[in-house]
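# Understanding the architecture of this molecule
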Amino acid sequence: MEELSSYAQAIALNNRILAHADAAQRSLYEVCKGLKEMRDGKLYKELGYQNFEEYCETEVGISRQQCYKYISIIEKLDGNFVNPGLQKLGVKKLYLLSTLSESDRTELTERVNIEDTTTRQLQAEIDKLKTEKAALQQENQRIDSQRADLADRVQDLYTSRDALQKQVKELESRPIEVAVQE
């Protein structure tokens, strides 16, 4: 009987945790939106603050850097990531995703389940993606350099061909000298 009550207690606690996690996600979304609106509208001045950073640290109790991370999240991520109820992602994961371009984010989400990945694993995947992108960019630069070298070589060959054709025409237009043997 005690096992049953422990199980019921675990279920009840799990349900409470999930409900609070959902509420926290909704609150995070609203905090991000609110901070962006406060900054963009310079509404912090109405509250007597000289700048947004002062407002963040004094009124909200978080650092300027953290405020800008929150704003970055709302500015750079679409509703699929930030909207409450769609995914359960913390600030760190959301911020990491906001540092990527949309195409890189899409590529990452196709190969990694963001919700089930730890922040450390997500950072490793992002680093891996950036390393791959950097290697591809270097390879593209190498290919572009080779392409430019080949274009220069082709141009040199055309120039040489034109000079040789001109020389052939000059030689063909000369009178033929016949040597007569005495």
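Everything below is about the structure shown above.
Residues numbered from 1 in each chain as written. Predicted model: local features only at pLDDT ≥ 70, side-chain atom pairs only at ≥ 80, totals over all residues. Heavy atoms only, no water.

This part is about the overall build of the protein. From N to C terminus, the protein includes 7 helices and 0 strands. Sequence-ordered secondary structure for the protein, helices as α and strands as β, is α-α-α-α-α-α-α. On C-alpha atoms alone, the protein measures out to a radius of gyration of 33 Å, which is more than a quarter above the 16 Å that the 2.2 N^0.38 rule sets for 182 residues. By principal-axis analysis of the C-alpha atoms, the protein measures approximately 135 × 55 × 20 Å. Residues classed as buried in the protein amount to 23% of the 182 residues present. Nonlocal contacts in the protein, meaning residues at least 24 apart in sequence, comprise 49% of its contacts between residues at least 6 apart. (Helix = DSSP H or I, 4+ residues; strand = E, 2+ residues; numbered from the N terminus. Rg over C-alpha atoms; globule rule 2.2 N^0.38 Å. Buried < 20%, exposed > 50% of the residue type's maximum accessible area, 1.4 Å probe, protein only. Contact = heavy atoms within 4.5 Å.)

Side chains carrying opposite charge are able to pair once their charged atoms draw close together. Using the criterion set out here, one finds 13 salt bridges in the structure. Notably, a salt bridge pairs Arg111 with Glu132, separated by 3.1 Å at the nearest N-O pair. Separated by 21 residues along the polypeptide, Arg111 in helix 6 (residues 102-111) and Glu132 in helix 7 (residues 119-173) bring together distant segments of the chain. Under the relative-accessibility criterion, Arg111 is labelled partly exposed at 35%. (Salt bridge = Lys/Arg side-chain N within 4 Å of Asp/Glu carboxyl O.)

The next thing to look at is the environment of Arg105. Within the element layout of this structure, Arg105 appears in helix 6. Using a relative accessible area of 7% as the deciding quantity, one classes Arg105 as buried. When the C-alpha positions of Arg105 and Leu129 are compared, they lie 9.7 Å apart, and in sequence the two are 24 residues distant. Separated by 2.8 Å, the side chain of Arg105 and the backbone oxygen of Leu100 make a polar contact. (Polar contact = N/O pair within 3.5 Å; in protein donor to acceptor, adjacent residues only side chain to side chain.)

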